Amino acid sequence: MRILASLRSVISALLHRSRMDKEMDEELRAHIEDRANDLERSGVPRGEAERQARLEFGGYQKYREEIREAQGTHFLESLAQDLRYALRMLRKSPGFTAVAVLTLALGIGANTDIFTLVDAVMLKSLPVPEPEQLYRLGDSDNCCQMTGTQNYGSFVLYSYPLYQYLREGTSDFIGLAAFSPSLNSVSVRRSGGSQAAQPGIAEYVSGNYFETLGLRPARGRLLTDDDDQPGAPPAIVMSYHMWEQDYGSDPTVTGATFELDGQPATIVGVAAPGFFGETLRSNPPDLWIPLSQEPILDRSDSLLNLPEEWWLYVIGRIKPSELPSRVQAQLTVELQQWLWRTESTKARTERRSDAALVRKFHRWLARQHIHLAPAGSGVTTLRSAASQGLLFLMIVSGVVLLITCANVASLLLARGTTKRQEIAIRVALGAGRSRLMRQTLTEGTLLALLGGAAGLAVAFAGVRAILFLAFRDALYVPIDAKPSIPVLGFTLLLSLFTGVIFSTVPAWMTSHTHPMEGLREARSTHDSSVFSRKALVVLQVALSLVLLVGAGLLTQSLYNLEHQQFGFARNGRLLVRVDPELARYTPARLPGLYHQIEERLAAIPGVLSVSLSNYSPLEGLNPNTRISIEGRPPATNSDDHPSISWDQVSAHYFETIGTRILRGRGITEEDTVGSPLVAVINESLSAKFFPGENPIGQRFATDDANHGSDFEIVGVVQDAKYVNASEPPKPMFFLPVLQPPAYVHDIELRFAGRPENLNTAIRYVLERIDPNLTVLGMMSLGEQVDLNFYRERMVARLTLLYGLLALALASVGLYGVASYVVARRTNEIGVRMALGATRASIVRMMLRGTMSQVGLGLMIGLPVALAGGSILSSTLYGVKGYDPLVFAAAIAVLVTSTLFGAAVPARRAMRIEPMEALRYE
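As the structure is a prediction and not an experimental result, all values here were calculated from the model. Residue numbering note: each chain is counted from 1, following its sequence as written. Only residues with pLDDT of at least 70 are given local features in this predicted model, and only at 80 or more are side-chain atom pairs given and counted; all residues enter the totals for whole chains, interfaces and linings. Note that the side-chain values use all heavy atoms of the structure and ignore hydrogens as well as water.

**Topic: the overall build of the protein chain**
Item 1. The helix and strand labels rest on DSSP assignments: H or I over at least four residues marks a helix, E over at least two residues marks a strand, and numbering proceeds from the N terminus. When helices and strands are counted, the protein chain shows 29 helices and 24 strands.
Item 2. A buried classification covers 49% of the 921 residues belonging to the protein chain. Working definition: with a 1.4 Å probe on protein chains only, accessible area under 20% of the residue-type maximum means buried, over 50% means exposed, and in between means partly exposed.

Rendered as structure tokens:
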């Protein structure tokens, strides 16, 4: 209360300043008049009495200052004066102000860009009530389906029966919801309409999903437990984005019947506008479907009632009275109880007959546990993937900000030098050094705030560009690039911090100006501010070298990633994404459908070959299984029995994607349902299981019961990358797409000409084959490969952009110092030239001094760049952190740019006429 009262009195004093000044003057005059009257009564003449009274009281201004200090308004008045003075000075120097504000806008805008992404990806909570109560049952991002032990016993994925058991047996949660970690492509069409089915993205969720998150609908209602029961009428919730973009916010959508993969369902409601799901990702769900509908939509591939298929994430809202550690311990007990109860009769029989198996099982069971992880920000898949890149970009943008501060500090120092006489006079007249420092700091902070305001415009234009780079394949990214309260607060604090940082050195230099030196207007070459400006240039050069080296290493790494040998051809290949299962095809009808697709697409002019596959190269979704080689003893541990990636492909697949067959043959038209089971393996699998021998004719079996008996190896193909482009190819085998008939997801076309010329023809052919066969996507194989590097590309391009920005700032800073030195040494240069110095020697003298700063900056920056390269080495591909070519290129670019920046002032010095210089002095 006292603070508020004091604040009110200060504000009142400021608002009524003129009235209070008048009252103070009247009171002081009254005191002087009373004292003069007293002196006059003691015999002093009237004129002398008034003079002595004024001498005793001193000047009016002294008392005014004392009274204002007592009232607490002195500091605010001084601040207002400093602000007015700073505005006047900036207005008088429009060129300086424009350059400084633009420089700050770039530095602050670059940092605000990165913070906007950090805020959206790393800091924002889900748009739900009390997100701090949400916890995930698991602390990693496994995806998307597993069997057996998870993460050395730490459960992240759950089967539906296990989820039900935990939900019924745990009373510590207000709600416990399950959802699928992966999204499903579905065909969506409004019943009764004439429009064709459109692709959509759906997520399976439990009936209490929205209730657990505490959400309310924008229209209609959300899912409930009644919707998640076997036999319940199919109910769906649509996202606000889909409702707004695809259906124009049509209110009749709520309650309407839609067909999902040909199955009728009712849209019961529309989700809230800001809700994009529990996971931040590009292309979030368009529809939320109850888990009970999964067997209807997925049919033969249904996982809902399989107790040992882990395929669901679980999130819960803990009661406020419960401790997460206690809940975690209780969940672990329930998990172990469930695992014990669900053991098969055969396994229990084996354990009873073998004491070693019993002990082994109990040790395994004791390791199984559940770790609760805060989920206020949802599932952190994107956060985990992007955190390292964002942290690195924050460091890079911080370095750019330091260079910006050094540059503006150099500008302020040069500007302060032009006011040396003014400052000297002020010091000689009694101006305090603290007041001079405060004025310089005020001017710098005001300049930084103007730069921050301009930086916001730069930032939000830049964020859109960054989002485009990071999510180039996305149709929709739920990240808002508009100013938010945290972003605005960050920019304000950053501007204030920047203002203080780059004003510190000029303020200190200003406050220590010697009056006599300034009043003499000495034109000597000695100037203490020159050393400070040179030191700032050295700092800029060192930091610029670090950024250029980092940008060079990342750019070279990205080039190596994009131009490596993938094991297939990127050019002249087109991918068409379909899913016959969405069109209600049964396995028995697939051979006829595939024959039509291959035959009719191959007839399109320009198409050279056509193939089908379950997964295409670097799509990153290949399943894994374990294999056992015929005639060899079974593996005893996971190291001897590794999980192998596999794919199902049609005839001409390897020819179409450009993978060479090294031995035997590929998949042919004869590999059908009734023919012997065959497989083609890659080089890595051949080297792992058949080193030094011919694998053709060997047989192996898989753990997948769907394939049954052994497969005969009929061919070996070259290694190709299917999962991770930055790692060596993995052992892999390929099965015919018709053994047994499998639902393909990709059609590959090898073509001549331009791919966009084929789009219309391909859609027309597929529509003629079956109007319900929805094209879910179409892209070139090269584009699919590029999608694997979008994070590396974003980091490399932004680092290069910031490195070039730092280079430009360093060159400008060097130009400013060199120009200032030329101006200070005009007299000296005139004398030298009058005594016979050549113009070339003057240029060399100026460049020698300038390049000495560059050399010192390189000496400081080189070890820092080496250390940074060592830190980056773990993320680089095909390039060392100390690559000499990258370092040499960075040094060459930096020296060339700074030399160009210094050449202009050097040429100006060369053109100085001796007589004019001496006459000017």
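**Examining the nonpolar core**
Item 1. Nonpolar cores are built from buried Ala, Val, Leu, Ile, Met, Phe, Trp, Tyr and Cys residues. Side-chain atoms within 4.5 Å join them into one set. Grouped together as the largest cluster of nonpolar side chains are 153 residues, with contacts concentrated most on Leu137, Tyr209, Phe210, Leu287 and Phe734.
Item 2. For this core, the element with the most residues is helix 25 (residues 790-824), which contributes 13 residues.
Item 3. The residues touching Leu137, leaving out its near neighbours within four places in the chain, are Phe155, Val156, Tyr158, Leu166, Phe173, Leu176, Val314, Leu331, Ile370, His371 and Leu372.
Item 4. If you look at the next biggest cluster of nonpolar residues, it comprises 29 residues, including Tyr585, Tyr594, Leu738 and Val765. Contacts are assigned to residue pairs that have any heavy atoms within 4.5 Å of one another.

**Topic: a positive patch on the surface**
Item 1. Positive charge collects at one region of the surface, where Arg84, Arg88, Arg91 and Lys92 lie side by side.
Item 2. Tracing the sequence through the fold places Lys92 in helix 5 (residues 74-92).
Item 3. On the accessibility criterion, Lys92 (62% relative accessible area) is exposed. Patches here are clusters of residues that have more than 30% relative accessible area and form no salt bridge, with a 9 Å joining cutoff for like charges and a 5 Å cutoff for nonpolar side chains (Val, Leu, Ile, Met, Phe, Trp, Tyr). The accessible surface values rely on the Shrake-Rupley method and a 1.4 Å probe; as for residues, cover is taken only from the protein chains in view. The term salt bridge refers to a side-chain nitrogen of Lys or Arg lying within 4 Å of a carboxyl oxygen of Asp or Glu. Think of it this way: Lys and Arg go in the positive column, Asp and Glu in the negative one, and His and the chain ends go nowhere. Throughout, a charge is located at the NZ atom of Lys, the CZ atom of Arg, the CG atom of Asp or the CD atom of Glu.

**Concerning the packing of aromatic side chains**
In this description, an aromatic ring pair is defined by two values, namely the gap between the centres and the angle between the planes.
Item 1. Here is the rule: rings of Phe, Tyr and Trp (six-membered ring for Trp) pair when centre to centre is within 6.5 Å. Planes less than 30 degrees apart are stacked, more than 60 are edge-to-face, and the remainder are tilted. Applying the stated criterion across every chain, the model contains 23 aromatic pairs.
Item 2. Centre to centre, the rings of Phe210 and Phe275 are 6.1 Å apart; their planes meet at 65°, and the pair counts as edge-to-face. Here the residue Phe210 occupies a position in helix 8 (residues 209-213), and Phe275 occupies one in the loop between strand 9 (263-270) and strand 10 (287-290), the gap between them amounting to 65 residues. Comparing Phe210 with Phe275, the two get one shared label, buried.
Item 3. Aromatic side chains Trp646 and Phe733 sit 6.2 Å apart centroid to centroid with 10° between the ring planes, which places their arrangement in the stacked category. Of this pair, Trp646 sits in strand 17 (residues 643-649) while Phe733 sits in strand 22 (residues 732-736), placing them 87 residues apart in sequence.

**Observations regarding the confidence of the model for the protein chain**
Item 1. Confidence of the predictor at the level of single residues is captured by pLDDT, which takes values from 0 to 100. The share of residues in the protein chain with pLDDT of 70 or more is 82%, and the mean pLDDT across the chain is 81.
Item 2. Note that residues 3-7 has pLDDT below 50 and, in this model, zero contacts with residues that lie over four places away or in other chains.
Item 3. Ignoring residues within four places in sequence, the model shows residues 521-526, a span with pLDDT below 50, making eleven contacts including any to other chains.

**A few points about the packing of helix 20 (residues 590-602) against helix 23 (residues 756-769)**
Item 1. Fitted lines through C-alpha atoms give the axes, limited to the stretch in contact for helices. The angle between two N-to-C directions lies from 0 to 180 degrees. Axis separation between helix 20 and helix 23 bottoms out at 10 Å; the angle between their running directions is 145°. Considering the relative orientation of helix 20 and helix 23, their crossing is right-handed. In contact with Leu593, Gln596, Ile597, Arg600 and Leu601 of helix 20, helix 23 contributes Ile762, Val765, Leu766, Arg768 and Ile769.
Item 2. In terms of residue class, the contact of helix 20 with helix 23 is built from seven nonpolar, one polar and two charged. Take the far helix as your reference; a near helix turned counterclockwise from it by less than a right angle gives a left-handed crossing, and one turned clockwise gives a right-handed crossing. Here the term charged refers only to Asp, Glu, Lys and Arg, the term nonpolar to Ala, Val, Leu, Ile, Met, Phe, Trp, Tyr, Cys and Pro, and the term polar to all other amino acids, Gly among them.

**Points about a nonpolar patch on the surface**
Item 1. Taken together, the side chains of Leu449, Leu492, Leu493 and Leu496 define a hydrophobic patch exposed on the protein surface, amounting to about 350 Å² of accessible area.
Item 2. The element contributing the most residues to the nonpolar patch is helix 17 (residues 485-511), with three residues.
Item 3. Here Leu496 shows up in helix 17.
Item 4. What makes Leu496 partly exposed here is its relative accessible area of 33%.

**Observations regarding the packing of helix 7 (residues 160-169) against helix 11 (residues 324-341)**
Item 1. Interhelical geometry of helix 7 versus helix 11 gives an angle of 135° and a closest axis separation of 10 Å. Overall, the two elements helix 7 and helix 11 adopt an arrangement that is oblique. Crossing of helix 7 over helix 11 shows right-handed handedness. Counting all contacts with helix 7, which are made through Pro161, Leu162, Tyr165, Leu166 and Gly169, the residues of helix 11 involved are Leu331, Glu334, Leu335, Gln337, Trp338 and Arg341.
Item 2. Of the residues belonging to the contact of helix 7 with helix 11, the class tally is seven nonpolar, two polar and two charged. Angular relationships are summarised with four words: roughly parallel below 35 degrees, roughly antiparallel beyond 145, roughly perpendicular across 65 to 115, and oblique for the angles in between.

**Examining unusual backbone geometry**
Note: most residues except glycine have negative phi, and most peptide bonds are trans.
Item 1. Residue Pro740 is bonded to the preceding Gln739 through a cis peptide linkage, with omega at -15°.
Item 2. With respect to the helices, strands and loops of the structure, Pro740 is situated in the loop between strand 22 and strand 23 (746-751).
Item 3. At Glu130, a residue that is not glycine, the phi angle is positive and equals roughly 45°.
Item 4. Tracing the chain through its elements places Glu130 in the loop between helix 6 (94-123) and strand 1 (134-137).
Item 5. On the basis of relative accessibility, which here comes to 45%, the residue Glu130 falls in the partly exposed class.

**Some words on the side chain of Thr116**
Item 1. Examined against the element boundaries, Thr116 turns out to sit in helix 6.
Item 2. Exposure remark for Thr116: the relative accessible area of 3% places this residue in the buried category.
Item 3. Within the local environment of Thr116, its side chain forms a polar contact with the backbone oxygen of Thr112, the two atoms lying 2.7 Å apart.
Item 4. With residues near it in sequence (within four places) discarded, Thr116 still touches Phe460, Val463 and Val487. Definition of a polar contact: a pair of N or O atoms within 3.5 Å, with one able to donate and the other able to accept a hydrogen when the atoms are protein atoms, and with sequence-neighbouring residues admitted only if both atoms are side-chain atoms.

**Section: the pattern of salt bridges**
Item 1. According to the stated counting rule, one finds 16 salt bridges in the structure shown.
Item 2. Residue Arg167 is joined to Asp225 by a salt bridge in which the shortest nitrogen-to-oxygen separation is 2.8 Å. With Arg167 in helix 7 and Asp225 in the loop between strand 6 (219-220) and strand 7 (235-238), this pair connects stretches of sequence that are 58 residues apart.
Item 3. Close ionic contact of Asp786 with Arg793 constitutes a salt bridge, the shortest N to O distance being 3.9 Å. You'll find Asp786 and Arg793 in the same group, each marked buried.
Item 4. Through salt bridges with shared partners, a single network forms among Glu562, Arg570, Asp786 and Arg793.

**Concerning the pairing of strand 22**
Consecutive residues of a regular strand have side chains that alternate between opposite faces of the sheet.
Item 1. Most of strand 22 is tucked away: five of the five residues are buried.
Item 2. Residues Met732, Phe734 and Pro736 of strand 22 are buried on one face, and the alternating residues Phe733 and Leu735, pointing to the opposite face, are buried as well.
Item 3. Direction of pairing for strand 17 relative to strand 22: parallel, over a ladder of five bridges. Paired with Gln648 across the two strands is Leu735, which belongs to strand 22.
Item 4. Bridging between strand 19 (residues 678-682) and strand 22 involves two bridges; their strand directions are antiparallel. When DSSP finds two or more bridges between a pair of strands, those strands are recorded as paired.

**Quick notes on the side chain of Gln784**
Item 1. Within the secondary structure, Gln784 is located in helix 24 (residues 781-787).
Item 2. For Gln784, a relative accessible area of 4% translates into the label buried.
Item 3. For Gln784, the residues in contact, after removing those within four places along its chain, are Leu575, Arg577, Ser616, Pro617, Leu618, Glu619 and Met779.

**Re the environment of Ala465**
Item 1. Looking at the element boundaries, Ala465 is found in helix 16 (residues 433-470).
Item 2. Measuring from C-alpha to C-alpha, the distance between Ala465 and Asp113 comes to 9.8 Å, with 352 residues separating the pair along the chain.

**Thoughts on the environment of Asp261**
Item 1. Inspection of the secondary structure puts Asp261 in the loop between strand 8 (257-260) and strand 9.
Item 2. In sequence terms Asp261 and Val186 are 75 residues apart; their C-alpha atoms lie 6.0 Å from each other.
Item 3. In this structure, Asp261 is in contact with Val186, Ser187, Leu297, Leu582 and Arg584, ignoring residues within four places of it in sequence.

**Brief notes about the pairing of strand 20 (residues 699-702)**
Item 1. The pairing of strand 16 (residues 624-629) with strand 20 spans three bridges and is classified as antiparallel. Bridge pairing links Ile629 to Phe700 in strand 20.

**With respect to helix 20**
Item 1. Taking 1.5 Å per residue as the helical rise, helix 20 with its 13 residues ought to reach 18 Å, and the 18 Å between its terminal C-alpha atoms agrees with that figure.
Item 2. Contacts from the buried residues of helix 20 go to strand 15 (607-613), strand 23 and helix 23. Helix span, as expected, comes to 1.5 Å for every residue beyond the first.

**Considerations on the environment of Ala105**
Item 1. As for its position among the elements, Ala105 is in helix 6.
Item 2. Considered as a pair, Ala105 and Ala459 are 354 residues apart in the sequence and their alpha carbons are 8.6 Å apart.
Item 3. Excluding its chain neighbours within four sequence positions, the residues that come into contact with Ala105 are Ala110, Gly451, Ala454, Gly455 and Val458.

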